[in-house]
Amino acid sequence: MTLIASSDQLRASLVRWALVLVPLLVLLGFLSGQAAQSGPGNPWFDALVKPGIFPPPATFGIVWTVLYVLMGIALAMICAARGARGRGPAVIAFAVQFVLNLAWSPVFFGAHQITGGLIVIGILDVAVIVTIALFARVRPIAAWLLVPYLVWICFATYLNFAFLQANSALDGAEGPQAVERFEI
């Protein structure tokens, strides 16, 4: 018996990790957005002045789904690299940045904290750069899979800043309350 895994065993390990992690990350991202009532339909968000560069709302669901899939594959590659030097710190860095990722929607959309959202996403930017650097030490391809994510969150950081500039009076404000009145 040998301790070295065959290429088929390594591929099977990667596939098993991916079958668990990809749907899990997509689901957690979806649940974070749903719990925070992110996007259109949130009365507070609907009342905000949108920056000129703000993409159509459907773009966000498509882009985030693709990014969560890429993140899941990248993490699966790292998790499947059993025995690789630096694997543990890379997984921990991923977990930290992912918690920050999931926290942004509740802070921005749920708590109506534009400044708080900007702080969270600024820290997220740094955490993703650290994660990419640590992933590169274990599996360079996994690091490259996170580059589109970094580009998107940098764009999202700019959007968050633009929202703050255009809506500083609504930072932390309660959203419009819908009231339905009936005459009797």
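Every chain is numbered independently, its residues counted from 1 as its sequence is written. Where totals are concerned, whole chains, interfaces and linings use all residues; where local detail is concerned, this predicted model gives features only for residues with pLDDT of at least 70, and gives and counts side-chain atom pairs only at 80 or more. Neither water nor hydrogens contribute to the side-chain values; these are computed over all heavy atoms in the structure.

Concerning the environment of Phe155
At step 1: The helix count covers DSSP runs of H or I at least four residues long, the strand count covers runs of E at least two residues long, and both are numbered beginning at the N terminus. Tracing the backbone shows Phe155 in helix α7 (residues 147–166).
At step 2: Contacts are assigned to residue pairs that have any heavy atoms within 4.5 Å of one another. Excluding residues that lie within four positions of it along the chain, Phe155 makes contacts with Ile53 and Pro55.

Focus on the side chain of Asn101
At step 1: Along the chain, the position of Asn101 falls in helix α4 (residues 87–110).
At step 2: Note on exposure labels: buried denotes an accessible area under 20% of the residue type's maximum, exposed denotes more than 50%, and partly exposed covers the range between, all computed with a 1.4 Å probe on protein chains only. With relative accessibility at 7%, the residue Asn101 sits in the buried group.
At step 3: Pairs of N or O atoms are called polar contacts if they sit within 3.5 Å, as long as, within protein, a hydrogen donor faces a hydrogen acceptor (for residues adjacent in sequence, only side-chain-to-side-chain pairs). Here the side chain of Asn101 touches Tyr68 through a polar contact of 2.8 Å, side chain to side chain.
At step 4: Beyond its immediate sequence surroundings of up to four residues, Asn101 is in contact with Trp64, Tyr68, Met71, Leu124 and Tyr149.

Some remarks on the packing of aromatic side chains
At step 1: The criterion for an aromatic pair is that two Phe, Tyr or Trp rings (for Trp, the six-membered ring) have centres within 6.5 Å, with stacked assigned to planes under 30 degrees apart, edge-to-face to planes over 60 apart and tilted to the rest. Taken as a whole and assessed by the stated rule, the structure comprises 18 aromatic pairs.
At step 2: Ring geometry for Trp104 versus Phe109: centroids 5.5 Å apart, planes at 90°, classification edge-to-face.
At step 3: Residue Trp104 is classed as buried on the basis of its relative accessible area of 17%.
At step 4: Taken together, Trp44, Phe45, Phe54, Phe60, Trp104, Phe108, Phe109, Trp152, Phe155 and Phe163 form an aromatic cluster joined through their ring pairs.

A closer look at helix α3 (residues 57–79)
At step 1: The length a helix should cover is 1.5 Å for every residue beyond the first. With 23 residues, α3 extends 33 Å from end C-alpha to end C-alpha; this agrees with the ideal 33 Å at 1.5 Å per step.
At step 2: Residues of α3 that are buried include every one of Leu67, Tyr68, Met71, Gly72, Ala74, Leu75, Ala76, Met77, Ile78 and Cys79, and no others.

A word on the nonpolar core
At step 1: Core analysis: the biggest nonpolar cluster contains 47 residues, and Met71, Phe108, Phe135 and Tyr149 have the highest contact counts within it.
At step 2: Met71 has contacts with Leu25, Phe94, Gln97, Phe98, Asn101, Leu146 and Tyr149, leaving out every residue within four places of it along the chain. For this analysis, a nonpolar core means a set of buried residues of the types Ala, Val, Leu, Ile, Met, Phe, Trp, Tyr and Cys, connected via side-chain atoms within 4.5 Å.

Some remarks on the environment of Ile153
At step 1: Note that Ile153 resides in helix α7.
At step 2: Considering only alpha carbons, one finds Ile153 and Val128, 25 residues apart in sequence, at a separation of 9.1 Å.
At step 3: With sequence-adjacent residues up to four places away left out, Ile153 is seen in contact with Trp64, Ile121, Leu124, Asp125 and Val128.

So, a nonpolar patch on the surface
At step 1: Patch definition: residues with relative accessible area over 30% and no salt bridge; like charges joined within 9 Å; nonpolar side chains (Val, Leu, Ile, Met, Phe, Trp, Tyr) joined within 5 Å. Computed with the Shrake-Rupley method and a 1.4 Å probe, the accessible areas treat only the protein chains shown as cover for residues. Basic side-chain nitrogens of Lys or Arg form a salt bridge, by our definition, when they fall within 4 Å of a carboxyl oxygen of Asp or Glu. Residues Leu24, Leu27, Leu28, Phe30 and Leu31 make up a contiguous nonpolar surface patch of about 430 Å² in total accessible area.
At step 2: Take Phe30: it is sitting in helix α1 (residues 7–35).

Coordinates in, geometry out; function isn't part of it.
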